[in-house]
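Take a look at the letters that make up each chain.
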Amino acid sequence: MIISSKHSWSYLIIAASLASLMGITGCAKKPEQQATTQQETTTFNIGFQKYGILPIVKTKGELEKRLAAQGIKVKWIEFPAGPQLLEGLNVGSVVFGEAGEAPPIFAQAANPNLIYVANQPPAPTAEALIVQKDSPIQSIQDLKGKRIALNKGSNVHYLLLKLLEAHNLKLSDIQPVYLPPSDARAAFEKGVVDAWVIWDPFLAAAEHQIQARVIANGEDLVNNHQFYLADRQYAENNPAVLQTVITTLNQTTDWVKAHPDDAAKLLEKPTGLGFDVLKTSISRMGFGVQPISEKVVTEQQDVANAFFAQQLIPKQLVIQDAVLKNNIR
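Here's what I pulled together on the structure shown here. Every chain is numbered independently, its residues counted from 1 as its sequence is written. Two thresholds apply to this predicted model, a pLDDT of at least 70 for residue-level local features and 80 or more for giving and counting side-chain atom pairs, whereas whole-chain, interface and lining totals are computed over all residues. With hydrogens and water stripped out, all remaining heavy atoms of the structure feed into the side-chain values.

### Let's talk about the overall build of the chain
- Strands here are runs of E lasting at least two residues and helices are runs of H or I lasting at least four, both read from the DSSP assignment and numbered beginning at the N terminus. Helix and strand counts for the chain stand at 14 helices and eleven strands.
- Here the term buried applies to any residue with accessible area under 20% of the maximum for its type, exposed to any over 50%, and partly exposed to those in between, with areas from a 1.4 Å probe on protein chains only. For the chain, the proportion of its 329 residues judged to be buried stands at 50%.
- Contact criterion: two residues are considered in contact whenever any of their non-hydrogen atoms come within 4.5 Å of each other. A separation of at least 24 residues holds for 78% of the contacts in the chain among residues at least 6 apart in sequence.
- Here the Shrake-Rupley method, with its probe set to 1.4 Å, supplies the accessible areas, and only the displayed protein chains count as covering residues. Of the roughly 15500 Å² of accessible surface on the chain, 52% is carried by carbon and sulfur atoms.

### Here's the deal with the packing of aromatic side chains
- Centres within 6.5 Å make a pair out of two Phe, Tyr or Trp rings, where for Trp the six-membered ring is used; the pair is then stacked when the planes are under 30 degrees apart, edge-to-face when over 60, and tilted otherwise. Tallied over the entire structure, the rule returns nine aromatic pairs.
- With a centroid separation of 5.7 Å and 90 degrees between ring planes, the pair formed by Phe-48 and Trp-76 is classed as edge-to-face. Of the two residues, Phe-48 sits in strand β1 (residues 42–48) while Trp-76 sits in strand β2 (residues 72–78), which places them 28 residues apart along the sequence. An identical accessibility class is assigned to Phe-48 and Trp-76; each is buried.
- Judged by centre distance (5.0 Å) and plane angle (80 degrees), the ring pair of Tyr-116 and Phe-227 falls under edge-to-face. Of the two residues, Tyr-116 sits in strand β4 (residues 114–119) while Phe-227 sits in strand β10 (residues 227–231), which places them 111 residues apart along the sequence.

### Focus on the pattern of salt bridges
- Salt bridge criterion: a side-chain nitrogen from Lys or Arg within 4 Å of a carboxyl oxygen from Asp or Glu. A complete count under the given rule lists ten salt bridges for this structure.
- Note that Glu-189 is salt-bridged to Arg-185, the shortest N-O span being 2.7 Å. Taken together, the residues Glu-189 and Arg-185, both in helix α8 (residues 181–190) and four residues apart, mark about one turn of the helix.
- Here Glu-189 falls in the partly exposed class, since its relative accessible area comes to 41%.
- A relative accessible area of 18% places Arg-185 in the buried class.
- One network of salt bridges, in which partners are shared, links Asp-200, Glu-207 and Arg-284.

### Digging into the pairing of strand β7 (residues 175–178)
- Here, strands pair whenever DSSP counts at least two bridges between them. Two strands pair when backbone bridges link them, and strand β6 (residues 147–150) and β7 are joined in this way by four bridges, in the parallel orientation. Residue pairing for β7: Ala-149 is matched across the bridge by Val-177.
- We call a crossover right-handed when, viewed with the strands running away from us, the connection from the first strand over the helix to the second turns clockwise. You can see the chain leave β6, run along helix α7 (residues 155–166) and come back into β7, and the turn it takes is right-handed.

### Re the sheet that holds strand β8 (residues 195–199)
- Strand order in the open sheet made by the five strands is β7-β6-β8-β5-β9, with mixed pairing throughout. Each end of this open sheet is capped by a strand with a single partner; those strands are β7 and β9 (213–217). Ignoring which end each strand starts from, the neighbouring axes of this sheet average 30 degrees apart.
- The sheet contact formed by strand β5 (residues 127–131) and β8 spans four bridges and is antiparallel. In this analysis, axes come from line fits to C-alpha atoms, helices being fitted only over the stretch in contact, and the angle between any two N-to-C directions falls in the range 0 to 180 degrees.

### Re the pairing of β6
- Pairing of β6 with β8, which is carried by two bridges, proceeds in the parallel orientation. Its bridge partner lying in β8, Ile-148 is registered against Ala-195.

### Considering the packing of helix α9 (residues 202–210) against helix α13 (residues 275–283)
- Close contact between α9 and α13 brings their axes to 9 Å; oriented N to C, the two are set at 135 degrees. The orientation of α9 with respect to α13, classified from their angle, is oblique. Between α9 and α13 the crossing geometry is right-handed. The segment α9 lies against α13, with Ala-204, Ala-205, Glu-207, His-208 and Gln-209 engaging Asp-276, Val-277, Thr-280 and Ser-281.
- Under this grouping Gly is polar, as are all residues other than the nonpolar Ala, Val, Leu, Ile, Met, Phe, Trp, Tyr, Cys and Pro and the charged Asp, Glu, Lys and Arg. Taken together, the residues of the contact of α9 with α13 break down into three nonpolar, four polar and two charged. An angle counts as roughly parallel when it lies under 35 degrees, as roughly antiparallel when it exceeds 145, as roughly perpendicular when it falls between 65 and 115, and as oblique in every other case. Each crossing is labelled by how the near helix is turned from the far one, with a counterclockwise turn of less than a right angle marking it left-handed and a clockwise turn marking it right-handed.

Written out as structure tokens, the structure is:
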């Protein structure tokens, strides 16, 4: 859960971050000088992770050129995962970023200023429940009583709930072991856990590097959307900027779909993963960026309801309350 500090120094840091985002400068100038300086120094802070569409956009550099024409400078801020990125959005260090289905739900529960801008199409095969290649486990029914590693409150937490439900099992029928991906990989390889529910590119890495075997993926059970999110006030006040960003993202996903080898090569350095791993992972992406539809809102509401039922969030959410009303195409 996102917790905003009440210490005075935290407020100073947040104020400084917001000042940077608004392009505030320190010297008094004539009105015409102020207008010019503000246009030149307005900064659009984007939160990104090592893997996904945003790091490809960053590497290609087209967004910087397009926003420069609007008097906007792009600043890229890297985060290790979606929850941390959305914490950054909460305190104002970024105004835009990407995360999977679960982090925005926890963020919305703590921060009413978060807003859904757009999403990529479903990518249900980009997450799965896997076992070691020589494991005796052959089906979901075989998981009863077994230790399953997963990242608590993540997309794969929802996948596990749906997998168990589809086979008339409950979370209490297995032994969940809550671990972040790096620790889960180590526990999985050492046999400390019997199975692992994980997403790409970690999923593809386990398949290629240790020949992990997929018992079930998200197909026909979950959607596994990637969402683009923003600060509510910024989104409502800067529709032209967001339209430029979404257009660029859409064109980038088209490029990735048409040039998966080139995209994999671009991601090798930031992710530290091999070409074959990345090419497999990219093949399971959802290509295209689209406005949030009523169908997607309903699907995201189902995820929120499931997490509330598991007491993972403190209150019932209304996803529609956090959807951008402007028509981003």
